[in-house]
Amino acid sequence: MPEVAERTGQHWGRQVVAKVPTETLRQINRILGRNFITRYGTKQGIIVLGRVAPFGIGAVTGGGASLAVRAARRAFGLPPAVWTYEGEVVDVGDAP
């Protein structure tokens with residue numbers, strides 16, 4: 001009996017859709033499509049953004065640090081090979 005009901009439902013569904021004008025179906029699909037994309041596309045977009053955002057933040061941070069180092073080298077030049085403190089050569093471990 002369930003198989004008969006399923007086939008009958010499919011038959012009636014096809015009959016109803018066949019009677020609806022094509023332009024009406026296009027209008028319905030246009031409205032439903034917008035709602036579907038707005039409702040589910042936004043959720044999926046947020047999920048994708050949440051997964052990709054850490055990589056973007058890391059890239060921006062790394063790029064900013066690289067630009068800061070380049071700017072410091074242009075402004076101050078390379079660090080000296082030997083550091084002095086009050087006329088004495090200072091080993092990094094001896095720095096005050």
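Everything numeric here is computed off the predicted structure, so don't read it as measured data.

What counts and how
Here the residue numbering is sequential within each chain, running from 1 through the sequence in written order. Reporting of local features is limited, given that this is a predicted model, to residues whose pLDDT is at least 70; pairs of side-chain atoms are given and counted only at 80 or more, and all residues count toward the totals for whole chains, interfaces and linings. By convention in this description, side-chain values take in all heavy atoms of the structure and omit both hydrogens and water. The secondary structure listing takes helices from DSSP runs of H or I that are at least 4 residues long and strands from runs of E that are at least 2 residues long, numbered from the N terminus. Burial classes follow relative accessibility: with a 1.4 Å probe on protein chains only, a residue under 20% of its type's maximum area counts as buried, one over 50% as exposed, and anything between as partly exposed. Under the convention used here, a 1.4 Å probe and the Shrake-Rupley method define accessible areas, while residue burial counts only the protein chains that appear. Values of pLDDT, the confidence the predictor places in each residue, fall between 0 and 100.

**Here we look at the overall build of the chain**
Part 1 of the argument: For the chain, the helix and strand inventory stands at 2 helices and 2 strands.
Part 2 of the argument: Looking at the chain residue by residue over its 96 residues, the buried ones come to 1%.
Part 3 of the argument: Total accessible area on the chain is roughly 8900 Å²; 65% of this is exposed by carbon and sulfur atoms.

**Considering the confidence of the model for the chain**
Part 1 of the argument: Put simply, the chain has an average pLDDT of 75, and 82% of its residues get 70 or more.
Part 2 of the argument: Considering each helix and strand of the chain separately, the mean pLDDT is smallest for helix H1 (residues 2-19), with a value of 68, and largest for helix H2 (residues 22-76), with 80.

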